[in-house]
Amino acid sequence: MSDASQSPHHAGSPAPHGADSEVGRLRTVMLHRPGPELQRLTPRNNDRLLFDGIPWVARAQEEHDAFAEALRARDVEVLYLTELLAQTLESEGARNQAITRALAGLHLGDTLRDYLARFLREASPAELTTYLTAGIRNDEVRGGFGLVTSLLDPHDFLVDPLPNLLFTRDSSVWVRDRAAVTSLAMPARARETQLTQLIYAEHPRFQGTRTIHGWHSEHVEGGDVLLLAPGVVAVGVGERTTPAGVERFARQVFHADLAHTVLAVPITQERATMHLDTICTLVDVDKVVMYPNVADTLVAHTVTLDEAASDDTGLTLSVTGAEPFLEAAARAMGIDRLHQIDTGLDPVTAEREQWDDGNNTLALAPRVAVAYERNDQTNDRLEQAGIEVVRIAGSELGSGRGGPRCMSCPVARDPLDAAGSA
Ligand SMILES: NC(=[NH2+])NCCC[C@H](N)C(=O)O
């Protein structure tokens with residue numbers, strides 16, 4: 001395994017990029033501070049744009065700043081997606097790629113596309129970043145008038161806003177030293193990975209980073225990917241990640257020797273359980289916080305490489321039948337038991353707190369996790385189990401249905417040492 005022997009980070013030197021678990025000491029994280037893209041949400045478009053309400057943007061920003069502060073207070077380096085993007089767009093090549101991709105939609109027509117391309121080429125990196133993330137509405141354009149402009153509604157988007165950028169978890173995920181650029185299933189989010197791909201490919205900080213997967217590949221979303229232990233990756237398969245997506249992902253992590261086992265975990269295809277991390281996250285090397293209403297029924301197929309049948313012409317995967325998730329996970333992780341902490345005592349509380357992302361915790365280290373403060377019961381139970389809970393407010397942030405884990409992409413975690421992973 002490529003970086004299992006990486007030495008822990010020392011103050012002063014940048015942490016090597018990558019993560020081999022969900023709970024190794026968090027060093028660097030990529031966030032997105034909510035911005036003008038959220039101002040685009042209206043009662044007419046919020047469903048399509050995957051928000052359950054219209055957030056109060058100033059308050060969402062305050063809540064997000066407090067989240068970032070809580071991370072910095074624990075010595076976590078916070079990178080902002082839009083800052084990385086603006087720096088990336090300093091390069092002429094990156095700008096051209098970003099513009100071409102953003103205007104590739106078939107709804108524009110040549111007259112408007114040509115106008116917008118010229119307009120965006122004149123924009124500064126910071127302005128271009130705003131156009132790419134907050135989008136462009138028909139009535140905001142001052143040229144390129146023609147058939148398409150006249151026939152579209154003034155409020156139609158020519159470039160869609162990306163309010164779900166807030167959930168940086170989904171558009172890329174690090175597996176050991178590789179960044180996986182994902183492929184998002186919902187049309188409202190598809191363009192996000194054009195931006196993460198560009199950042200990893202062109203930003204000087206990520207020079208030399210090797211990537212896997214990619215936005216043209218079968219659908220896999222980062223919220224479905226859990227690094228259970230070094231070499232063991234669980235992937236939820238449901239509304240977002242497809243069966244073909246997990247197969248492609250497994251092939252790539254095996255090919256690059258990033259893992260020895262992938263667990264494919266079917267989850268109900270509905271909004272409340274859109275990603276595996278909405279029902280289960282790790283808070284210690286051998287503890288998950290998990291939605292009790294599914295705990296008994298959650299299963300996994302264990303996928304490994306059939307070494308004997310694989311050769312240079314292709315990898316052959318070996319796949320088991322469905323087994324209880326916690327058992328399959330513990331076996332793959334090489335531990336006796338993966339302990340489960342519940343979201344709330346009774347089914348109704350559990351359902352309420354699951355909806356409000358009670359299961360969606362972000363581990364800062366083994367037994368230290370960030371969680372929304374509103375989920376009292378889940379947080380009490382985490383504390384009873386010996387987990388330190390770093391509580392953050394999320395009344396506005398939560399309206400997009402995502403918690404601390406969804407809102408963060410760990411770029412560097414300390415590798416788990418042998419003691420930690422055993
Ligand atoms: N990893 C997660 N659970 N992300 C939550 C994403 C929420 C977002 N509104 C969506 O529907 O895509």
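Not measured: the values here are computed from a predicted model. (Residues numbered from 1 in each chain as written. Predicted model: local features only at pLDDT ≥ 70, side-chain atom pairs only at ≥ 80, totals over all residues.)

**Observations regarding the domain arrangement of the protein chain**
Think of interface size as the accessible area that goes away when the parts come together; that is how it is often given.
So, point 1. When its domains are assigned, the protein chain resolves into domain 1 (26–83 + 163–416) and domain 2 (84–159).
So, point 2. Averaged C-alpha coordinates put domain 1 and domain 2 at centres separated by 31 Å.
So, point 3. Each partner contributes residues to the interface: domain 1 has 17 residues there, and domain 2 has 17 residues.
So, point 4. Of all the secondary structure elements, the ones that give two or more residues to the side of domain 1 that touches domain 2 are β2 (77–80), α2 (81–88) and α8 (192–202).
So, point 5. When residues in the side of domain 1 that touches domain 2 are grouped by element, the largest group, five residues, is from α8.
So, point 6. Here the residues of the side of domain 1 that touches domain 2 are counted per class, giving eight nonpolar, four polar and five charged. (Domains from an automatic or database assignment. Contact = placed C-beta atoms within 7 Å. Helix = DSSP H or I, 4+ residues; strand = E, 2+ residues; numbered from the N terminus. Nonpolar A, V, L, I, M, F, W, Y, C, P; charged D, E, K, R; others polar.)

**Quick look at the site of the ligand**
So, point 1. Taken together, 16 residues form the shell around the ligand, and within it Leu-50, Gly-223, His-275, Gly-402 and Cys-406 come nearest.
So, point 2. When its residues are assigned to classes, the shell around the ligand shows five nonpolar, six polar and five charged. (Near = placed C-beta within 6 Å.)

**Focus on the sheet that holds strand β16 (residues 339–342)**
So, point 1. Taken in spatial order, the three strands make up an open sheet running β11-β12-β16, and their pairing is mixed. The sheet terminates laterally at β11 (280–284) and β16, the two strands that pair on one side only. Sheet twist, expressed as the mean angle between neighbouring strand axes with direction ignored, is 35°.
So, point 2. Sheet topology note: the β11/strand β12 (residues 287–290) ladder contains four bridges and is antiparallel. Looking at β12, one finds that Thr-281 is bridged to Val-289.
So, point 3. Those strands touched by helix α13 (residues 376–384) are β11, β12 and β16, and its axis lies near 145° from that of β16. (Pairing = 2+ DSSP bridges. Axes fitted to C-alpha atoms, helices over the stretch in contact; angles between N-to-C directions.)

**What to know about the UniProt feature "active site" (unreviewed entry) in the protein chain**
So, point 1. Those places that UniProt annotates as "active site" (unreviewed entry) correspond, in this numbering, to Cys-406.
So, point 2. Within the element layout of this structure, Cys-406 appears in the loop between β19 (388–392) and β20 (409–413).
So, point 3. Setting aside anything within four residues of it in sequence, one finds Cys-406 in contact with Phe-167, Arg-169, Asp-170, Gly-223, Asp-277 and Asn-360. (UniProt positions renumbered as here; feature names shortened; annotations may be inferred.)

**Comments concerning the packing of helix α3 (residues 92–102) against α8**
So, point 1. One can describe the packing of α3 onto α8 by two numbers: an axis separation of 11 Å at closest approach and a directional angle of 165°. The angle between the axes of α3 and α8 places the two elements in the roughly antiparallel class. The hand of the α3/α8 crossing is right-handed. Contacts between α3 and α8 pair Ala-94, Gln-97, Ala-98 and Arg-101 from the former with Gln-194, Leu-198 and Glu-202 from the latter.
So, point 2. Split into classes, the residues belonging to the contact of α3 with α8 amount to three nonpolar, two polar and two charged. (Parallel < 35°, antiparallel > 145°, perpendicular 65-115°, else oblique. Left-handed = near helix turned anticlockwise from the far one by under 90°.)

**Observations regarding the environment of Gly-24**
So, point 1. Position of Gly-24 among the secondary structure elements: in the segment before β1 (26–31).
So, point 2. Sequence separation of Gly-24 and Arg-413 is 389 residues, and the distance between their C-alpha atoms is 5.4 Å.
So, point 3. Every residue in contact with Gly-24, bar those within four places of it in the chain, is listed here: Ala-19, Arg-413, Asp-414, Pro-415 and Leu-416.

**Describing the pairing of β20**
So, point 1. Burial of β20 is extensive: five of the five residues sit out of reach of the surface.
So, point 2. With four bridges joining them, β1 and β20 adopt antiparallel strand pairing. Among the inter-strand pairings, Val-29 is bridged to a residue of β20, identified as Pro-410. (Buried ≥ 20, exposed ≤ 12 C-beta atoms within 10 Å, placed from the backbone.)

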